[in-house]
Amino acid sequence: MTKIDISTLSSLLACKANKHNFNKLWNSLDENYRVRIAENPLTPTDILRILSTDKVWYVRESVAKNPSATIDILKKLVNDLDFYVKARAARNPNLVNKL
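Everything in this summary refers to the structure shown in the same document. Quick caveat, the model's predicted, so the values are computed rather than measured. (Residues numbered from 1 in each chain as written. Predicted model: local features only at pLDDT ≥ 70, side-chain atom pairs only at ≥ 80, totals over all residues. Heavy atoms only, no water.)

## Here's the deal with a nonpolar patch on the surface
Okay, so step 1: A surface patch of nonpolar side chains, about 360 Å² in accessible area, is lined by Trp-57, Phe-83 and Tyr-84.
Okay, so step 2: Position of Phe-83 among the secondary structure elements: in helix H7 (residues 83–91). (Patch = residues over 30% accessible without salt bridge, like charges linked within 9 Å, V, L, I, M, F, W, Y side chains within 5 Å. Areas by Shrake-Rupley, 256 points an atom, 1.4 Å probe, with all protein chains shown as cover. Salt bridge = Lys/Arg side-chain N within 4 Å of Asp/Glu carboxyl O. Helix = DSSP H or I, 4+ residues; strand = E, 2+ residues; numbered from the N terminus.)

## Concerning the packing of helix H5 (residues 57–64) against H7
Okay, so step 1: Packing of H5 against H7 brings their axes to within 8 Å, and their N-to-C directions diverge by 5 degrees. Comparing the axis directions of H5 and H7 gives the class roughly parallel. Where H5 approaches H7, its residues Trp-57, Arg-60, Glu-61 and Ala-64 are matched on the opposing element by Tyr-84, Val-85, Arg-88 and Ala-89.
Okay, so step 2: The class makeup of the residues in the contact of H5 with H7 is five nonpolar, no polar and three charged. (Axes fitted to C-alpha atoms, helices over the stretch in contact; angles between N-to-C directions. Parallel < 35°, antiparallel > 145°, perpendicular 65-115°, else oblique. Contact = heavy atoms within 4.5 Å. Nonpolar A, V, L, I, M, F, W, Y, C, P; charged D, E, K, R; others polar.)

## Comments concerning the nonpolar core
Okay, so step 1: In this structure, Ile-37, Leu-51, Val-59, Val-63 and Leu-77 are the most contacted members of the largest nonpolar core, which totals 19 residues.
Okay, so step 2: Elements supplying a minimum of two residues to this core: helix H3 (31–39), helix H4 (45–51), H5, helix H6 (71–78) and H7.
Okay, so step 3: Here the element with the most residues in this core is H3; it accounts for four residues. (Core = buried A, V, L, I, M, F, W, Y, C linked by side-chain atoms within 4.5 Å. Buried < 20%, exposed > 50% of the residue type's maximum accessible area, 1.4 Å probe, protein only.)

## Overview of the packing of aromatic side chains
Remark: the centre distance and the inter-plane angle together describe each pair of aromatic rings, the angle taken between the planes.
Okay, so step 1: Taken as a whole, this structure holds three aromatic pairs when the rule is applied.
Okay, so step 2: Look at Trp-57 and Tyr-58: their rings are 5.6 Å apart centre to centre, the planes differ by 90 degrees, and that puts the pair in the edge-to-face class.
Okay, so step 3: Trp-57 sits in the partly exposed class, given a relative accessible area of 34%.
Okay, so step 4: Measuring from centroid to centroid gives 5.5 Å for Trp-57 and Tyr-84, while their planes differ by 35 degrees, and the two rings are tilted. Here the residue Trp-57 occupies a position in helix H5, and Tyr-84 occupies one in helix H7, the gap between them amounting to 27 residues. (Phe/Tyr/Trp six-rings, centres within 6.5 Å; stacked < 30°, edge-to-face > 60°.)

Put into structure tokens, the structure is as follows:
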């Protein structure tokens, strides 16, 4: 597991109430950093939900393989336009165990 900068993640969570600040901070993160956040099992569900709609397919794929991804997130990702995202979501144990 790749470590993420907890202070940045904390800042994201603190900014959620103020959409302008949240979007400004979120958009400043490069896609590789978003991947690291998406694959971290400690990332809160709210952030995973946002990352599941990322424009970059491999960020969404990282959410799909996250063991903390919820059923609702995985169900959405199983219907993603990208094959790799769909396949990864379909293999996530959280979804497999519920079928």
